[in-house]
Amino acid sequence: GIISGSYPALFLSSFRPICILKGSLNIGSRGGFFRKSLVVIQFSLSIILLIGTAVIYQQVGYMRNKKVGYEKDQLLYIPLRGETQKSYETLKQELLKDSKILGVTGVSEGPVYIGSNAWGAKWDGIDPSRKVLVSIAGVDFDYIETMKIELIEGRPSSRAFATDTSTGWLVNEEVLKLMGTQSAVGKRFSFSGVDGTIIGVMKNFHVQSLEYAIEPLALLTNPRYVNNVVIRMQGGNIPASLDYIKSTWQKVFPLYTFEGRFFNEDFAEMYQSEEQMRSILNDAAILAIIIACLGLFGLASFLVEQRTKEVGVRKVLGASVSGITIMLSKEFAKWVVVANLIAWPIAYFLMNKWLQDYPYRISISWWLFLITGIATLLIALVTVGYQSIKAARANPVNSLRYE
């Protein structure tokens with residue numbers, strides 16, 4: 001505000017009154033260059049903000065829509081608090097009585113954020129001095145089936161095998177990579193005080209936000225570890241299924257409030273900071289474009305006024321309205337093109353650096369810069385078009401009558 005106000009104040013106060021009254025004021029080329037530079041800078045900043053907003057929008061959309069490795073739609077979870085953990089099995093059996101409930105299981109961690117991990121995983125052939133960090137969670141039977149996680153080897157945990165609740169490990173592909181083997185089923189796996197064997201290898205799935213890379217994960221089946229009930233509902237009539245789940249909860253736990261949450265709700269909250277950044281940049285870009293257009297409009301008014309006599313002479317010599325309009329608009333279009341050429345590499349560098357924080361990210365498309373360039377060029381032409389057409393349609397007699 002100070003800089004914007006100081007320039008015109010100092011510039012106007014430097015004029016000699018006698019020159020103004022004589023009409024012989026010469027503004028010089030330096031002032032013109034400075035004004036054009038300001039417009040170019042304004043548009044460059046606007047273009048950077050527009051590209052930044054578009055990239056963030058695409059990245060958030062990519063993270064929201066990327067497959068997480070299991071079917072998260074129609075999945076609900078309920079945290080177990082206090083005495084509710086003791087009656088988890090009762091709740092499970094009651095829920096499964098309704099055909100709208102396709103599966104019920106449980107997990108020790110928050111279902112969409114398994115954050116517990118530990119050092120010390122061992123297997124046959126590992127270097128004794130090697131330390132690896134592996135995420136861990138306890139799950140109930142039917143976890144693989146309810147979550148619809150794909151197995152690439154082995155089987156899910158089953159009640160038919162008594163040892164599954166004490167020594168049967170389910171691991172993901174990242175653990176397979178750590179072990180440096182193509183097949184892990186039946187191999188010894190000792191972790192978190194449990195010396196057991198691997199019964200199944202799960203295809204990688206996300207247990208955290210896509211801001212984090214998938215880490216090695218090991219699951220041990222034991223209903224006693226369950227802190228969250230996971231329920232898969234039948235699609236098509238979610239409200240009826242939800243009503244049934246709520247009523248069943250109240251029947252089994254009349255003293256505890258139902259606190260069910262959909263998986264999709266938690267996934268939406270994971271990317272709130274990116275959504276807020278996108279919203280802020282979007283508003284800033286709109287404001288920047290408006291300010292840049294105001295500057296361009298003012299500059300167009302000023303320069304068109306300077307060239308009034310030139311336009312009058314051209315019209316007398318037979319120039320058409322469209323020809324004069326194109327002539328006047330072409331100069332402003334040139335500045336916007338320059339602004340784009342300045343803004344594109346800066347925007348690419350900044351957004352590419354921002355995307356490096358995400359292990360799963362989009363590629364910045366070339367067409368994004370082209371669309372932004374065309375859009376800003378059209379906005380600029382519309383902004384200066386009124387002044388250009390007004391000057392082109394003016395009666396040349398008015399501008400040349402005193403010559």
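(A) Spotlight on the overall build of the protein. Check the secondary structure of the protein and you find 14 helices and twelve strands. In the protein, buried positions account for 42% of the 403 residues. Nonlocal contacts in the protein, meaning residues at least 24 apart in sequence, comprise 81% of its contacts between residues at least 6 apart. Accessible area for the protein stands at about 21400 Å²; split by element, carbon and sulfur atoms hold 59% of it.

(B) Representation of the pairing of strand E9 (residues 194-202) within the structure. Of all the nine residues making up E9, seven are buried; the element is thus mostly covered by neighbouring parts of the structure. In terms of strand pairing, strand E6 (residues 151-154) meets E9 through three bridges, oriented antiparallel. Counted as the bridge partner of Leu 151 is Met 202 from E9. In the sheet, strand E7 (residues 168-172) pairs with E9 via five bridges, with the strands oriented parallel. Bridging from a neighbouring strand, Gly 168 pairs with Thr 197 of E9. Relative to E9, strand E8 (residues 188-191) runs antiparallel, the two being bridged by four bridges.

(C) Broad picture of the side chain of Ser 46. Tracing the sequence through the fold places Ser 46 in helix H3 (residues 28-65). The class for Ser 46 is buried, based on a relative accessible area of 0%.

What counts as what
- By convention here, each chain's residues receive numbers from 1 onward along its written sequence.
- With the structure being a predicted model, the display of local features is reserved for residues of pLDDT at least 70 and the display and counting of side-chain atom pairs for 80 or more, all residues being used for whole-chain, interface and lining totals.
- Calculated side-chain values reflect all of the structure's heavy atoms, with hydrogen atoms and water omitted.
- Only DSSP runs of H or I covering at least 4 residues are called helices, and only runs of E covering at least 2 are called strands; the numbering of each starts at the N terminus.
- Only protein chains enter the accessibility calculation, which uses a 1.4 Å probe. A residue is then buried if its area is under 20% of the maximum for its type, exposed if over 50%, and partly exposed in between.
- Residue contacts follow a heavy-atom distance rule, with two residues in contact if any of their heavy atoms lie within 4.5 Å.
- All accessibility values rest on the Shrake-Rupley procedure with a 1.4 Å probe; residue burial counts only the protein chains present in the view.
- Whether two strands pair comes down to DSSP finding at least two bridges between them.

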